[in-house]
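Understanding the architecture of this molecule
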Amino acid sequence: MFEYSGSMHMHSHYSDGSGSVEDIVKAAVESDLDFIILTDHNTLKAKDKGYEKWYKNTMLIVGYEVNDRKNRNHYIALGTDKITGTYEKLPDGDTGSRMSACEYVKAVNEEGGFGFIAHPHEERNNMPQHPPYPWTAWDCEDFTGIEIWNHMSEWAEGLNESNKFQRFLHPLKSIIAPPEKTLKVWDDLNLKRKVVAIGGVDAHAHKHNVMGMEFEIFPYKVLFKSIRTHVFLNDELKMGNSSNYTESRDKILEAIAKGRSFIVNNYYGNGKGFRFYAEYDGVHYNTGDEIKFVKKINKKIIFRTLIPSTAKIKVIHNGKCINESEGMEFTFDTDKTGAYRIETWKENKGWIFSNHIRVVSE
């Protein structure tokens, strides 16, 4: 397997971000990212203007973020060249789809794309200028996955009068872990079907006035040190090869859609080298895979975890921690069905969160 590290969910001045695509790409190249995914609201202008390509050894992929008429149910759409439906101006100046959330989730799939629920459980009331944008359309069943960790959302949800100055000065230190509510929903959904997780920075490079001083609280380059999504590919990419861009992009998108990935808070350490895989009856399985367990074979599934530096490793089965160990590797076996994933923690801060390997009865 070949591993590539990327940053997802960011906005340029084509929607509500303050930076140009050139600014964002420059920051990504300087941050040694293998790929970034731009998701401006309700527009593919960056793709239409030809920005989707290699920049040295960093690939820019363009998707978009769609929302409904109430500016809720934000959905990150990837792998499509088409904006779904028609749009209208909202009272606050934003734009919303005339479709319902379930309709645009389905439409993205029909156009050959896939998508992720963005910042699903926002509920803050401490920032009138940045209200919460939760997901409420849980009756939809066609979404590919969930953004379980969103830097901007976690930062804003925990903001209060006593900590706001420190949070403006040090936007990376306040990020602890994905919300428990989101993890629970994600784990529960994986008992029924595969639901893939991604992490996003939600970078806008907003500028705010604090105590008479203007701060850019989410500079792109700063957030590129934060939440990353790493993907596994079977083939090595020809980095920077413009003639091979489309093939390379599609391989990255396929890995994201299939859950061949994990999420890492890069601020607490480079996650490259993390592995969570299983062996059963002579076959190797990776994150995002499903194992068909046959009792009569009378063999257990062996799970292995490797991490690039010492941390607390937690084994999560059906949403509950069933084992934990301090170190750089952990092996366990099982004959139980369900959804398995790994969390790693450093000094009570979440570091790496894998996608599931699901075990189902044949």
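Let me begin by describing the structure that accompanies this report. Given the structure is predicted, the values throughout are model-derived calculations rather than measurements.

**Notes on helix 3 (residues 101-110)**
- Inspection of helix 3 places Ala101, Tyr104, Val105, Ala107 and Val108 among the buried residues, and these make up the whole buried set. Projected down its long axis, helix 3 carries its buried residues within an arc of 165°, all on one side.
- Buried residues along helix 3 sit against strand 4 (58-66), strand 5 (75-78), strand 7 (95-97) and strand 8 (114-117).
- Of the residues one or two after helix 3, glycine 112 is the one with positive phi, at around 90°.

**Some points on empty space enclosed by the protein**
- Counted under the stated rule, the structure contains two cavities of 30 Å³ or more.
- Reported here for the largest cavity is a volume of approximately 40 Å³.
- Around the largest cavity sit Asn190, Lys194, Val195, Val196, Gly259, Gly288, Asn355, His356 and Arg358, which together line it.
- Its residues assigned to classes, the lining of the largest cavity shows two nonpolar, five polar and two charged.

**With respect to the pattern of salt bridges**
- One pass over the full model with this rule turns up 25 salt bridges.
- Linking lysine 251 and glutamate 247 is a salt bridge whose minimum nitrogen-to-oxygen distance equals 3.3 Å. Placement of both lysine 251 and glutamate 247 in helix 8 (residues 245-258) is noted, with a separation of four residues, approximately one turn of the helix.
- Of the residues examined, lysine 251 reaches a relative accessible area of 22% and is grouped as partly exposed.
- One continuous salt-bridge network, built from bridges that share partners, spans Lys47, Glu52, Asp81, Arg249 and Asp250.

**Details of the nonpolar core**
- In terms of nonpolar packing, the biggest core is built from 55 residues, with Ile36, Leu60, Tyr75, Ile148 and Phe224 touching the most fellow members.
- Among the elements that make up this core, the one with the highest residue count is helix 1 (residues 21-30) (five residues).
- Listed in part, the 26 residues of the second largest apolar core include Ala278, Phe293, Phe303 and Ile357.

**Focus: helix 6 (residues 180-190)**
- Those residues of helix 6 lying buried are Thr182, Leu183, Trp186, Asp187, Leu189 and Asn190. For helix 6, the buried positions fall inside an angular range of 160° around the axis, keeping them on one side. Of the exposed residues in helix 6, those oriented more than 90 degrees away from the buried face are Glu180 and Lys184.
- The inward-facing, buried residues of helix 6 abut strand 9 (145-150), strand 10 (196-200), strand 18 (301-317), strand 20 (338-346), strand 21 (349-354) and strand 22 (357-361).

**With respect to the environment of serine 325**
- Tracing the chain through its elements places serine 325 in strand 19 (residues 320-334).
- Taking the C-alpha atoms as reference points, serine 325 and aspartate 40, separated by 285 residues in sequence, lie 41 Å from one another.
- Contact partners of serine 325, with chain neighbours within four places excluded, come to Ala311, Lys312, Ile313 and Phe330.

**Some remarks on the state of the cysteines**
- Tallied over the entire structure, the rule returns one disulfide.
- In this model cysteine 102 forms its disulfide with cysteine 140; the gap between the sulfur atoms is 2.0 Å. Given an S-S torsion of about -105°, the disulfide between cysteine 102 and cysteine 140 has left-handed geometry. Within this pair, whereas cysteine 102 is found in helix 3, its partner cysteine 140 is found in the loop between strand 8 and strand 9, the two being separated by 38 residues in sequence.
- Residue class for cysteine 140 comes out buried when judged on its relative accessible area of 5%.

Here is what the cut-offs are and how they apply
- Residues numbered from 1 in each chain as written.
- Predicted model: local features only at pLDDT ≥ 70, side-chain atom pairs only at ≥ 80, totals over all residues.
- Heavy atoms only, no water.
- Buried < 20%, exposed > 50% of the residue type's maximum accessible area, 1.4 Å probe, protein only.
- Helix = DSSP H or I, 4+ residues; strand = E, 2+ residues; numbered from the N terminus.
- Arc of directions from axis to C-beta.
- Contact = heavy atoms within 4.5 Å.
- 1 Å grid on protein atoms, 1.4 Å probe; cavity = no way out; pocket = protein on both sides within 12 Å on 5 of 7 lines; lining within 4 Å.
- Points joined across faces, edges and corners; volume = space filled by probe spheres on them.
- Nonpolar A, V, L, I, M, F, W, Y, C, P; charged D, E, K, R; others polar.
- Salt bridge = Lys/Arg side-chain N within 4 Å of Asp/Glu carboxyl O.
- Core = buried A, V, L, I, M, F, W, Y, C linked by side-chain atoms within 4.5 Å.
- Disulfide = S-S within 2.5 Å.

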